[in-house]
Each structure stands twice: as structure tokens, then as C-alpha cells.
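Overview (structure and organization)
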2 protein chains.
Amino acid sequence: MSFLTQKVAQEIDDLLMNKMGYSVYSLMELAGLSCANAVYRILSEKKIEKGRVLVVSGPGNCGGDGLVAARHLHHFGCLVEVVYPKRPNKELFQNLIKQITGLEISLLDTMPEVGKVDSDYDYILDGIFGFSFNSKEGKIRSPFDKILDTLSKTSTPVASIDIPSGWDVEEGDILKTNLQPETLISLTAPKLCAKNFKGKYHFLGGRFLPESLCKKYEINLPKYKDTEQIIRL
Amino acid sequence: MSFLTQKVAQEIDDLLMNKMGYSVYSLMELAGLSCANAVYRILSEKKIEKGRVLVVSGPGNCGGDGLVAARHLHHFGCLVEVVYPKRPNKELFQNLIKQITGLEISLLDTMPEVGKVDSDYDYILDGIFGFSFNSKEGKIRSPFDKILDTLSKTSTPVASIDIPSGWDVEEGDILKTNLQPETLISLTAPKLCAKNFKGKYHFLGGRFLPESLCKKYEINLPKYKDTEQIIRL
């Protein structure tokens with residue numbers, strides 16, 4: 001199976017949206033739906049009904065994937081809350097917020113304390129940083145530094161969208177976040193840091209990559225089954 | 001189960017997009033995905049592998065749902081072709097065309113003759129007209145009049161998106177198209193004309209309707225299972 005560099009991941013995203021006619025709304029919809037499918041499948045495997053899921057969204061598109069996933073998890077019957085401390089003014093994100101509040105999903109400004117996270121949630125969906133994350137700054141900006149500290153300490157298992165947040169996209173946990181998610185949901189194709197992932201569940205989602213791009217970048221991926229939006233790797 | 005008037009269907013669409021933050025791209029993505037799921041499920045039931053599917057798209061949003069469905073059916077392994085005779089200049093539709101051609105799905109300007117349709121395709125997805133269709137003109141505009149004639153005559157079964165095309169949204173086939181699809185895929189909720197549907201498969205898709213709108217319009221719908229995007233009614 002192929003693993004992408006950050007550069008290739010960014011090129012593919014750019015080609016899809018700026019050359020091949022894909023809207024960020026459509027791609028985010030499918031990405032978020034994949035994440036919701038993955039979390040729901042794990043909760044089912046653990047025999048948890050009406051799972052209490054805390055979605056933690058960062059300021060970029062990965063955070064948007066999280067908000068879309070929150071909406072789908074709500075429709076799947078989960079009890080969802082969203083932590084969304086930094087909310088960009090862009091129409092895309094403001095619209096996603098409207099969707100969330102229109103479903104009466106709680107939208108929190110701050111991350112609850114570790115003890116509360118331990119007791120109040122069955123699963124966490126980490127959508128803080130995605131494949132655009134730059135580890136070169138050498139540290140994680142507030143308030144996400146403290147949130148990541150909570151994610152690394154809570155006993156509630158974490159599913160990370162695309163990248164464990166704070167990890168370098170290629171090198172893994174070089175900033176020593178100590179975040180070791182139980183689940184990784186790679187979107188379109190795993191990124192290089194996924195080689196360092198040691199958790200229990202690794203899913204592939206985002207079933208929209210055109211064959212022409214797989215060919216161009218020599219990407220080999222396992223085959224999705226029937227109409228499924230995720231594959232367990 | 002509830003059946004919607006044309007007016008309520010239009011109001012819900014308007015509220016979702018103009019008040020509740022839903023993008024036409026997201027809704028179309030989920031609608032098209034539902035349609036692709038329904039067609040794939042029927043082909044599986046009929047034990048048809050790599051089904052040859054002809055998608056027929058009209059000039060409006062229902063045609064857009066068809067184009068999205070074509071893309072997903074392609075990813076599901078079907079052999080898809082699309083008839084798209086009237087292609088609006090709007091960015092939305094031009095982008096959908098780019099996606100389709102980027103997957104090397106054939107895009108036809110004209111509908112093949114009945115004999116060719118009979119022999120070359122296992123299923124037809126009818127996305128010509130949706131819930132905005134106005135039967136008051138008293139006739140169907142060219143070239144869709146002839147296309148509907150072909151759809152009513154071919155032995156290849158048809159799945160109609162939301163409304164059998166050419167049917168009045170509330171009254172059914174008052175224009176005497178004689179289109180009797182094998183399958184109807186109602187989106188968000190069935191429209192009144194679905195009461196006259198006599199085909200074999202009726203699906204509900206478009207799993208995104210907020211509870212607040214169901215309450216406002218007193219809409220009762222069956223419950224979706226797990227993460228499924230369609231329900232067989």
C-alpha cells in the first residue's frame with residue numbers, strides 16, 4: 001500500500017479542487033461521512049449504543065471534516081458534542097456551524113478537563129490538524145497544545161482524522177505530543193506518518209480518488225467493497 | 001409515512017440552503033450517493049456484476065444528482081455512461097462535467113435508440129426532472145419528450161430520482177408520459193405523486209433532514225439503519 005508525502009497530498013488536493021472540478025464541500029462531505037462511518041463501526045464492535053462522541057475540530061479543513069462527521073454521527077443516533085475553539089470567518093466554516101447548531105448539537109468553546117472527558121464520552125474524534133500541519137514551528141499553538149495534552153491523557157479512545165494531530169505528516173510524533181490514537185482514519189491515501197501508527201483500528205476513507213491520479217502518483221490502495229465508504233486496513 | 005407537496009419540498013430545499021447553512025454541493029453529494037447506493041443494491045439483488053448503467057440527466061439539480069450518482073457508481077465498479085443533452089453554464093454543472101470526464105465516463109449528447117438501450121444497458125437512472133418540474137406547460141420540452149418516450153418503451157428497467165420524470169409532482173402521470181419506472185428513489189421524503197408509483201423498488205434517500213424541519217412540517221419517515229444512506233420502503 002502507498003503512503004503519501006505531504007507534498008503529494010497537497011498536490012492531489014489542489015488538482016482535485018482547481019483542475020478536476022471537485023468542490024471543497026463535496027470532498028468534505030465524503031471525508032466526514034467516512035469518519036462517521038468509521039467511528040460508528042468501532043462503537044458497534046464495542047457494543048456501545050447511542051455512543052457519546054466528542055468531536056474536536058481545529059481551524060482548517062480537517063476541522064471541517066470533523067464538523068461534517070459530527071452531523072452524520074448525529075443522524076446515525078450518536079450523542080455528539082463538538083469542541084470548536086477557533087472558528088474561521090470563512091463562509092464554509094460558518095455554514096458548517098449553522099448545520100451543527102440546527103441539529104441542536106452542543107458546540108463548546110473549550111475542551112473539558114481530562115476527568116470529565118474520561119467519564120462523559122465513549123469516543124473522541126480528533127479533527128484538529130490534517131495533512132497541512134507544519135511541525136517546523138517546533139510547538140503547537142494555544143489552545144491546541146493543551147487540548148492535545150488532554151487527548152494524550154484521557155482514557156477515552158481517540159480516532160484521528162488523516163493524521164494524529166500534532167504529528168509531523170511524514171515523520172510522526174517528533175513534537176512529542178504523546179498522542180497515540182486507538183484509531184486512524186486515513187483519507188484518500190495514508191500519509192507517511194501512518195507507518196508509525198500503532199493503534200488498533202486503521203481505516204481508509206474518502207472514496208473519490210480518480211484512477212488518473214492514482215496512476216500519476218503511482219498510488220496503490222486496497223479495493224473498497226460494494227458501496228462501502230471505508231475499508232479497514 | 002408522509003408525502004410532500006411541491007410547495008413544501010421547495011420550502012425545505014430553500015430553508016436548508018438559505019437559512020440552515022447547507023451547500024447545494026453537499027446536498028447533491030448525499031442525494032447522488034443515495035441514488036448510486038439504490039441502483040447498486042438492485043443490481044446486486046439481480047446478481048448483475050459490473051452493471052452497465054445509463055444515467056440520463058436533465059438541466060436542473062435532479063440532473064446534477066444523476067451526475068454525482070454516475071461518479072459513485074463508477075467507483076462502485078459499474079460501467080457507467082451519461083446522457084446529458086442540455087448542459088447549463090453554471091459553475092456547479094460545469095464542475096460536475098469535469099468530474100465525470102476526469103473519470104473517463106462517456107458523456108453523450110443524445111439518447112441512444114430504444115433497441116440500443118435495450119441491449120447495451122442493465123439499468124437506467126432517470127435524473128431528467130425533479131421536484132421543481134412544472135406540468136402546467138402541458139407538454140415536455142424537446143429533447144426530453146423523445147427521451148421520455150424511449151424510457152417508457154425500453155425493456156431496460158428505470159430508476160427515477162425523486163419523481164418519475166414528466167410526472168406532475170403531486171398528481172402523477174397527467175401528461176401521459178407512460179413512464180412506469182421499476183424503481184423510485186425518493187429524496188428527503190416522498191412527494192405526493194409517489195402514491196401512484198407501482199414499481200417494484202421504492203427507496204428513501206437523502207439522509208440529512210434535520211429533526212426541526214420534520215417537526216415544522218409534521219413529516220414522519222421510517223428510521224434509517226446504522227450508517228445506511230437508503231431505506232427500502
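A quick note: this is a predicted structure, and the numbers were derived from the prediction, not measured.

**As for the packing of helix 2 (residues 24-45) of chain B against helix 3 (residues 61-75) of chain B**
Relative placement of two packed helices is described by the angle separating their axes and the distance separating the axes. Residue and element names in this part refer to chain B. At a closest axis distance of 7 Å, the pairing of helix 2 and helix 3 adopts a crossing angle of 60°. When the axes of helix 2 and helix 3 are compared, the pair comes out oblique. Crossing angle aside, the handedness with which helix 2 passes helix 3 is right-handed. Contact residues: Val-24, Met-28, Glu-29, Ala-31, Gly-32, Leu-33, Cys-35, Ala-36, Val-39 and Tyr-40 in helix 2; Asn-61, Gly-64, Asp-65, Val-68, Ala-69, Arg-71, His-72 and Leu-73 in helix 3. Residue classes in the contact of helix 2 with helix 3 are distributed as 11 nonpolar, 4 polar and 3 charged.

**Considerations on the interface of chain A and chain B**
Many structure descriptions define interface size as the accessible area lost when the parts assemble. The interface of chain A with chain B comprises 31 residues on the first partner and 31 residues on the second. Around 2,800 Å² of area is buried between chain A and chain B when both sides are counted, 55% of it from carbon and sulfur atoms. In this assembly, chain A and chain B are joined by 0 salt bridges. Viewed at the interface, chain B and chain A are joined by 12 residue pairs in polar contact (both at pLDDT 80 or more). Counting residues per element, the ones that place at least two in the side of chain A that touches chain B are helix 2 (24-45), helix 3 (61-75), helix 4 (91-102) and helix 7 (211-216) of chain A. Here the residues of the side of chain A that touches chain B are counted per class, giving 11 nonpolar, 13 polar and 7 charged.

**Some words on the sheet that holds strand 4 (residues 123-127) of chain B**
Sheet strands pair by backbone hydrogen bonding; their relative direction is either parallel or antiparallel. Residues and elements named next belong to chain B. Strand order in the open sheet formed by 8 strands is 3-2-1-4-5-6-7-8, and the pairing between neighbours is mixed. Pairing within the sheet leaves two strands with one partner each, and these edge strands are strand 3 (106-108) and strand 8 (230-232). Each strand of the sheet is rotated relative to its neighbour by a mean of 20°, with strand direction disregarded. Sheet analysis places strand 1 (residues 52-57) next to strand 2 (residues 79-83), joined by 5 bridges and oriented parallel. Opposite Leu-54, over in strand 2, you have Glu-81 as the bridge partner.

**Remarks on the UniProt feature "domain: YjeF N-terminal" (unreviewed entry) in chain A**
Sites flagged by UniProt as "domain: YjeF N-terminal" (unreviewed entry) map to residues 9-221 of chain A. As annotated, residues 9-221 of chain A comprises 38% helix and 15% strand, and the C-alpha atoms at either end are separated by 14 Å.

**Some points on the sheet that holds strand 4 (residues 123-127) of chain A**
Residue and element names in this part refer to chain A. If you trace the 8 strands from one edge of the open sheet to the other, you get 3-2-1-4-5-6-7-8, paired in mixed fashion. Whereas interior strands pair on both sides, the edge strands pair on one side only; in this sheet they are strand 3 (106-108) and strand 8 (230-232). Direction aside, neighbouring strands of the sheet carry axes that sit 20° apart on average. For strand 2 (residues 79-83) and strand 3, the ladder comprises 3 bridges, and the chain directions are parallel. For Val-82, the partnering residue across the bridge sits in strand 3 and is Leu-107. Across the sheet, helix 3 touches strand 1 (52-57), strand 2, strand 4, strand 5 (158-161) and strand 6 (183-187), and the angle it forms with strand 1 is around 160°.

Calculation notes
- Residues numbered from 1 in each chain as written.
- Chains lettered and ligands numbered in written order.
- Predicted model: local features only at pLDDT ≥ 70, side-chain atom pairs only at ≥ 80, totals over all residues.
- Heavy atoms only, no water.
- Axes fitted to C-alpha atoms, helices over the stretch in contact; angles between N-to-C directions.
- Helix = DSSP H or I, 4+ residues; strand = E, 2+ residues; numbered from the N terminus.
- Parallel < 35°, antiparallel > 145°, perpendicular 65-115°, else oblique.
- Left-handed = near helix turned anticlockwise from the far one by under 90°.
- Contact = heavy atoms within 4.5 Å.
- Nonpolar A, V, L, I, M, F, W, Y, C, P; charged D, E, K, R; others polar.
- Buried area = accessible area lost by both parts, 1.4 Å probe.
- Salt bridge = Lys/Arg side-chain N within 4 Å of Asp/Glu carboxyl O.
- Polar contact = N/O pair within 3.5 Å; in protein donor to acceptor, adjacent residues only side chain to side chain.
- Pairing = 2+ DSSP bridges.
- UniProt positions renumbered as here; feature names shortened; annotations may be inferred.

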